[in-house]
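Residues per chain, in single letters:
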Amino acid sequence: IPREIRMLMNALMIALSLVSGRAEASENTGLMLGVGAGYVQTDPYENLDSTWVVVPRLGYGVIPHLLLEVDGGIMQGRTRATDTVYNAYTPRLNLLVLPWPDIAVRPFLAVGGGFIYKEVRRDENIYETEANEQGYGNYKNPDTDGLINVGPGVLIPIAPVTGRA
């Protein structure tokens, strides 16, 4: 496991151990807005290197243990082959399962899918049929691919979302 992910997991465990308050499970139902951050581990055969991501989120709590969420990751990193900057965007639909919905800091498991739109900052848009000298396979720029999202997270409610007529 990369060092950055181990550090993030340790920080999450420390935060969970420090929380002594309880919350109402009913807070997990209805409309939820939020923002997340994380680390994207890319395929080792991908030209795009791993990087951090910021994720605006819009969710709806179906029942206290289950959230349906639409989010969009925004990331910027560097390519492995040429150390060139890239931008990527990841709109996704996720299902979040909360095993303990009635504690103040709520761990969850997210499962979902979506797309990744990636664009390497180069002078021109290209489509290369041959692998580059490093053997990476990102031949099309810009490019859109499907993605699968699976992983743990922590929900930290700050304030309820209320609607006004």
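As the structure is a prediction and not an experimental result, all values here were calculated from the model.

1. Considering the overall build of the chain
Within the chain, the secondary structure is distributed over one helix and eight strands. Helices and strands in the chain line up, N terminus first, as α-β-β-β-β-β-β-β-β. The buried share among the 165 residues of the chain stands at 32%. Counting only contacts in the chain whose residues sit at least 6 apart along the sequence, the fraction spanning at least 24 positions is 59%. Of the roughly 10500 Å² that the chain leaves accessible, carbon and sulfur atoms contribute 60%.

2. Focus: the nonpolar core
Among the nonpolar cores identified, the biggest contains eight residues, and these are Leu 48, Val 53, Val 55, Met 75, Tyr 86, Ala 88, Ile 116 and Val 120. Elements with a contribution of two residues or more to this core: β2 (51-63), β4 (85-97) and β5 (106-120). With residues near it in sequence (within four places) discarded, Val 53 still touches Gly 36, Ala 37, Gly 38, Tyr 39, Val 40, Gly 73, Ile 74 and Met 75. One finds Met 32, Leu 96, Phe 108 and Ala 110 within the second-largest nonpolar core, a separate group that totals six residues.

3. Considerations on the environment of Ile 116
Inspection of the secondary structure assignment puts Ile 116 in strand β5. The residues touching Ile 116, leaving out its near neighbours within four places in the chain, are Ala 88, Tyr 89, Thr 90, Asp 143, Thr 144, Asp 145 and Leu 147.

4. Observations regarding the pattern of salt bridges
When charged atoms on two side chains of opposite charge get close, those side chains can pair. Applying the stated criterion to the full structure yields five salt bridges. Where Arg 57 meets Glu 69, a salt bridge forms, and the shortest distance between an N and an O atom there is 2.8 Å. Of this pair, Arg 57 sits in strand β2 while Glu 69 sits in strand β3 (residues 66-78); the two residues are 12 residues apart in sequence, bridging distant segments of the chain. Note on Glu 69: relative accessible area 8%, which makes it buried. Here Arg 78 and Asp 83 are joined by a salt bridge, their closest N and O atoms 2.9 Å apart. Arg 78 gets classed as partly exposed once you look at its relative accessible area, which sits at 39%.

5. Details of the confidence of the model for the chain
In the predicted model, the chain carries a mean pLDDT of 77, and 68% of its residues have values of at least 70. Per-element mean pLDDT across the chain ranges from 58 in helix α1 (residues 3-18) up to 93 in β4. Predicted confidence is poor over residues 17-25, with pLDDT under 50, and the contacts of this stretch with residues over four places away or in other chains come to 16 contacts.

6. Examining the sheet that holds strand β8 (residues 143-155)
Taken in spatial order, the six strands of this open sheet run β1-β2-β3-β4-β5-β8, and their pairing is antiparallel. Since the sheet does not close on itself, it has two edges, and those belong to β1 (30-40) and β8, each with one partner. Each neighbouring strand pair of the sheet contributes to a mean axis angle of 20°, computed without reference to strand direction. The sheet contact formed by β4 and β5 spans 10 bridges and is antiparallel. Bridge pairing in β5 links Tyr 89 to Tyr 117.

Rules used in this analysis
- Residues numbered from 1 in each chain as written.
- Predicted model: local features only at pLDDT ≥ 70, side-chain atom pairs only at ≥ 80, totals over all residues.
- Heavy atoms only, no water.
- Helix = DSSP H or I, 4+ residues; strand = E, 2+ residues; numbered from the N terminus.
- Buried < 20%, exposed > 50% of the residue type's maximum accessible area, 1.4 Å probe, protein only.
- Contact = heavy atoms within 4.5 Å.
- Areas by Shrake-Rupley, 256 points an atom, 1.4 Å probe, with all protein chains shown as cover.
- Core = buried A, V, L, I, M, F, W, Y, C linked by side-chain atoms within 4.5 Å.
- Salt bridge = Lys/Arg side-chain N within 4 Å of Asp/Glu carboxyl O.
- pLDDT = per-residue confidence, 0-100.
- Pairing = 2+ DSSP bridges.
- Axes fitted to C-alpha atoms, helices over the stretch in contact; angles between N-to-C directions.

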